[in-house]
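Commentary on secondary and tertiary structure
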Amino acid sequence: MQRRIPLLLVLVVGLFGAIAAFIPHRAIRTPDEILRNDVLRILTAFSLVLGVGSIVRHHIIRITRRVEHWPFSWVTLIALAITAVIGVLGGIDPAKPGLLATKVGSFSFHIDNVYRYIMSPLAATMFSMLAFFMASAAYRAFRARNLESTLLLLAAFVMMLGAVPLGRIIHPRLPAFAEWVLSVPNTASKRGILFGVELGILATSLKIILGIERGWLGGGGSR
Amino acid sequence: MILMVMLPSLAVSSEINSTGFPANSLHQVPVASNVRCHDLPNDGGGSIVVEWQSTDDPAILGFRIIRQQQDSATWETLGFAGRLARRYVDNDARDGFPYRYAVITVTEDTTTSSAPSEFGSCSPQWFDAGTAPALIGTLLLCGIALYFISAARRDRNLFIRRISGLDAINEALGRATEMGRPTLYIPGLSGISDVATIASLNILGEVAKQIARFGTPLAVPNSDPVVYTVAREVVKEAYAAAGCPDKFNPDSVFFVANQQFAYAAAVDGIMVRERPATNFLIGMFWAESLILAETGAATGAVQIAGTDATAQLPFFITACDYTLIGEELYAASAYISREPLLLGAVKGQDWSKVLIAAVILVFTILGLVFNLPARNWL
Amino acid sequence: MSLWQRLLNIDRRWIYAVLALVVIGPLLFPFSIKPKPSPPVERLFNYIDTMPVDKALVISVDFTPDTQAELLPMVIAMLRHAFATGHKVGVLTMDVYGLGLARDALAQVSAEFNAHATSHDDSVINGEDYVFWGWTTPLVTVMLGMGERITKVFPIDYYGNRTESLPITRELRNYEDVGILVTCAASAIPRSWINYAQVQFDVKVGCGITAVSAADFYPYLNSGQFTGMLAGMRGAAEYEEMVETKMIELGKNWRLRRKGTEAMSSQTAAHMAIMFFIIAGNIAFIVTRRKKR
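Residues numbered from 1 in each chain as written. Chains lettered and ligands numbered in written order. Predicted model: local features only at pLDDT ≥ 70, side-chain atom pairs only at ≥ 80, totals over all residues.

A word on the overall build of chain B. A count of helical and extended segments in chain B gives 11 helices and 13 strands. Taken over the C-alpha trace, chain B has a radius of gyration of 32 Å; the compact-globule value for 378 residues is 21 Å, which it surpasses by more than 25%. When the backbone C-alpha atoms are referred to their principal axes, chain B occupies close to 95 × 50 × 40 Å. Across the 378 residues of chain B, 50% fall into the buried class. Counting contacts in chain B only where the partners sit at least 6 residues apart, residues at least 24 apart contribute 69% of the total. (Helix = DSSP H or I, 4+ residues; strand = E, 2+ residues; numbered from the N terminus. Rg over C-alpha atoms; globule rule 2.2 N^0.38 Å. Buried ≥ 20, exposed ≤ 12 C-beta atoms within 10 Å, placed from the backbone. Contact = placed C-beta atoms within 7 Å.)

If you want it as structure tokens, here you go:
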């Protein structure tokens, strides 16, 4: 019974969602839109509470058990609390004072400032690390070990030369060739992968709707 | 023509009266003509398409569309269409109520009305004819999958080619056990509505069962709160299925951050501090893929990745030990569990691919031989 | 251990250090690179350039601050292009973190134009020449809803004005009035714009994406579902170059700052450094393999 109800729900909602893609009548579309938009939005809102609860619990456990590196958990909890307080009480726009009108130096307690001066540079820093990781990964991976890896190396080289002015100096048509590699062989292989992916999605969805695949329920694996 | 001149005086809407329709302008300014209206096809009702003809005169600023409901004396203004527009969709119509429309041509100094259209009404449709090819394709591909699933009930010895990434799971988990270090499972950054995430959770179930048997620690950081709740249940059930529910640590599955790079930073921190022996990166990933995979490689962990995000595949291939490419992700739970019904669906996928390849080949040849025009939807 | 073996097993931190120097150096001492527009960039530029004046450009700022170095110059260049050619502009975001970026870009470009304006007609005015609808969710509802009535999806703009009351709303009601919608994103959102706006409403859609995800979108560019595409910093720099030429043509030789073009020298140097590493790594690999034999 514990399993049957979720499986029945998945069957009904899954088939309904599939049918709604082909029937525009509002008798079908309206409930489908309610399910997709409103119900999903409400679920997400509730689950976010669970998510925040999970962060808090996870780090409190680490602190109380004095797990290795536990002081970092304080950093997370304090950052979470400060952001929440500023978000709820501080207001959004620095031009309009919120309930927390005080300032620390030139920093006023507005969520916009948290976004602009803290989140923005931190996120940009993380993304910029990609360049360094890409360089070290390229250094290790692009080696002419065999025919396949040599082809990979050559393709990568053409692409990089096509992206810099040096490529045009070596041969004026090199950037166009790089563009061709990207838009023709690359697209062809990607489309091949995409066909497999879409069929995999279709088969997985079908297995879930029909209750054959039950791994997502946990433990069961399949029927 | 008489109607065209009379319409303004017939119209009782204040807006129409206030704008006025100078009759003398009819001779100088081109007017919208041949106004027709019909139900918008393949929709849920409530929409009528108004079409008209006009010349491409630069003096025209645009067209104002007005409508009149049958049995009503009032003409109401609906909206304004640009100079080049020849079509307007009235989305405020009531199903089953007849309306007629007129188009007022607006220039800098004049406003001139067309003759009204015939009365037309709208109604909702029970089938969107535009989706017929998609419906046929879906039914055909689902039919193939279902046939092979049912065939698998009879013939339970289905062959599936080796997938080295999945063969390596046991070896990688064994290594974590030997080293006494945790296993990190990252279920991607997408939501639960993404099938890649569901496929990842299927694999998580199987991995968690093995981990429960080996008794090694597991950490599953999540970036989506809904995925977090499902993942926790999956791991809990997997421990129960492995016969050791008491070993399940509810804190092993946790929510980290909803924001892409905040999540990447947190998981990188876990990799560097806890130094897991094995990392699974399975699901949907974006630009954070290499940040996670390279950090994992730097810590010396064995890494098994899997995604259907084609742009991220090169990063995983360069930085991870094994990578499940595209559809292998969806075949994984069947491969690991060796369940005949699941394997049957994989077989169905393969035959569907054969069918699609054949269709592409046939139509390419036909297209080349008969010089058929390329269609956008192809 | 020989020199070649050492090179083969080089600590990755050396690579990071060299790359950091190579990236920072040209930012401090830039060298000039004149970008040559690639076909996808040209296509997007030409479409916006030649679309009727009564059709609006809609920019969806669907990225977050982490990718702003690559994507924000694209938004700024497109805003300059649209305002210079007299097109109305609608801006929205599908990611709440994109709000601040879109707001700042609009503020910057409108200030640039207003600093040179001599009359009301030359000015770029919020509510008349552009509208910033802001952000709302969920994504599907927004993309489909905009096909019916934009004011229904965004009853209030980012600044708190009722959108129905804005003069621009009369000319920008739904997708029928949109000449092209350009989505700038580092995620899969452009694909959703195709699925919901392009496929269902036949709206022209262009995209600006990070270089790292460019390969993912080429199938859509080749199929014509994307009218044009700006890929990474290079795409931004190429678009900036075309906009600069256009503005000079229109007598607006204001010499505005072009961040995409400025960063190209740094990016080129980084590419060269990576190529150098790959060549050195391969030489080391071949030499050590021969020695082993």
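From this point, the discussion proceeds with the structure in view.
Helix and strand counts for chain C come out as 11 helices and six strands. Based on the C-alpha atoms only, the size of chain C along its principal axes is roughly 80 × 40 × 30 Å. For chain C, with 293 residues in total, the buried portion stands at 51%. Sequence separation of at least 24 residues holds for 74% of the intrachain contacts in chain C that already meet a minimum separation of 6.

Residue and element names in this part refer to chain B. Within the open sheet, the six strands sit side by side as β10-β9-β8-β11-β12-β13. Their pairing is parallel. One side of each edge strand has no neighbouring strand; the edge strands of this open sheet are β10 (253-255) and β13 (322-325). Going across the sheet, the axis of each strand differs from the next one's by a mean of 15°, ignoring polarity. (Pairing = 2+ DSSP bridges. Axes fitted to C-alpha atoms, helices over the stretch in contact; angles between N-to-C directions.)

All right, on to the sheet that holds strand β1 (residues 33-39) of chain B then. Residues and elements named next belong to chain B. Taken in spatial order, the three strands line up as β1-β2-β5 in an open sheet, and their pairing is antiparallel. Each end of this open sheet is capped by a strand with a single partner; those strands are β1 and β5 (87-90). Recorded for the sheet is a direction-independent mean angle of 20° between the axes of neighbouring strands.

This part is about the interface of chain C and chain A. In this complex, chain C contributes 35 residues to the contact, which on the side of chain A involves 36 residues. Here the side of chain C that touches chain A takes 11 residues from helix α11 (residues 259-292) of chain C, the largest share from any one element. When grouped by side-chain class, the residues that make up the side of chain C that touches chain A number 21 nonpolar, 11 polar and three charged. (Nonpolar A, V, L, I, M, F, W, Y, C, P; charged D, E, K, R; others polar.)

The next subject is the confidence of the model for chain C. Confidence in the prediction of chain C, expressed as mean pLDDT, is 91, and 99% of residues score 70 or more. Scoring of the predicted complex yields 0.81 for pTM and 0.88 for ipTM. (pLDDT = per-residue confidence, 0-100.)

Turning to the environment of C:A273, a few remarks are in order. Residues and elements named next belong to chain C. Relative to the assigned elements, A273 resides in helix α11. With 17 C-beta atoms packed within 10 Å, A273 lands in the partly exposed category. Between the alpha carbons of A273 and R6 there is a distance of 19 Å; along the sequence they are 267 residues apart. Aside from chain neighbours lying at most four places away, what touches A273 is V18, L19 and V22.

The next subject is the environment of C:A197. All names here are of chain C. When you line up the elements, A197 lands in helix α8 (residues 189-201). Note on A197: 24 C-beta atoms within 10 Å, which makes it buried. Separated by 95 residues in sequence, A197 and K292 place their C-alpha atoms 60 Å apart. Setting aside its immediate chain neighbours within four residues, A197 contacts M143, Y175, L181, V203 and V205.

Moving on: the environment of C:G90. Residues and elements named next belong to chain C. With respect to the helices and strands, G90 occurs in strand β2 (residues 89-93). The exposure class of G90 is buried, given the 25 C-beta atoms found within 10 Å. Residues G90 and D129 lie 39 residues apart in sequence; the distance between their C-alpha atoms is 8.7 Å. With residues near it in sequence (within four places) discarded, G90 still touches A56, V58, V131, W133 and L172.

Below, the discussion takes up the confidence of the model for chain B. For chain B, per-residue confidence averages 87 on the pLDDT scale, and 90% of positions sit at 70 or higher. Predicted confidence is poor over residues 1-27 of chain B, with pLDDT under 50, and the contacts of this stretch with residues over four places away or in other chains come to 36 contacts.

Here we come to helix α10 (residues 328-337) of chain B. Residue and element names in this part refer to chain B. Where burial is concerned, most of α10 is hidden: 10 out of the 10 residues are buried. All of the buried residues in α10 are E328, L329, Y330, A331, A332, S333, A334, Y335, I336 and S337. Immediately beyond the C-terminal end of α10, within one or two residues, lies R338, with a positive phi of roughly 60°.

Our focus in this paragraph is the packing of helix α5 (residues 195-214) of chain B against α10(B). All names here are of chain B. Close contact between α5 and α10 brings their axes to 8 Å; oriented N to C, the two are set at 25°. When the interaxial angle is binned, α5 and α10 end up roughly parallel. Handedness of the crossing formed by α5 with α10: left-handed. Facing α5, whose interface residues are A196, A199, N202, I203 and E206, α10 presents L329, Y330, A332, S333, I336 and S337. (Parallel < 35°, antiparallel > 145°, perpendicular 65-115°, else oblique. Left-handed = near helix turned anticlockwise from the far one by under 90°.)

The biggest cluster of nonpolar side chains holds 207 residues, and the ones touching the most others in it are B:V235 and C:V75. Dropping the residues within four chain positions of it, B:V235 is found in contact with B:L204, B:A208, B:L218, B:V220, B:F248, B:S252 and B:V253. By size, the runner-up hydrophobic cluster in this structure holds 23 residues, among which are B:W52, B:I66, B:A81 and B:V103. (Core = buried A, V, L, I, M, F, W, Y, C linked by C-beta atoms within 7 Å.)

The partner chain B presents 67 residues to the 54 residues of chain A that form the contact. Elements supplying a minimum of two residues to the side of chain A that touches chain B: α2 (26-64), α4 (111-141) and α8 (185-209) of chain A. Residue contributions to the side of chain A that touches chain B peak at 16 residues, all from α8(A). Here the residues of the side of chain A that touches chain B sort into 31 nonpolar, 17 polar and six charged.

A word on the packing of α4(A) against α11(C). Running from amino to carboxyl end, α4(A) crosses α11(C) at an angle of 25°, the nearest separation of the two axes being 9 Å. It follows that α4(A) is roughly parallel to α11(C) by the angle criterion. α11(C) is crossed by α4(A), and the crossing has right-handed handedness. Judged by residue contacts, A:A131, A:A135, A:A138 and A:Y139 of α4(A) engage C:A270, C:I274, C:F277, C:I278 and C:G281 from α11(C). Looking at the contact of α4(A) with α11(C) residue by residue, the class counts come to eight nonpolar, one polar and no charged.

Turning our eyes to something else, we now look at the pairing of β2(C). Residues and elements named next belong to chain C. The element β2 is largely enclosed, with a buried count of five among its five residues. Side chains V89, V91 and T93 project from β2 onto one buried face, and the interleaved G90 and L92 project onto a second face that is buried too. Relative to β2, strand β1 (residues 56-62) runs parallel, the two sharing four bridges. Following the sheet pairing, L57 is matched in β2 by V89.

A few words on unusual backbone geometry. A positive phi is found at A:R66, a non-glycine position, where the angle reads about 50°. In this fold, A:R66 is placed in the loop between α2 and α3 (71-89). In this structure, B:R338 is a non-glycine residue whose phi angle is positive, near 60°.

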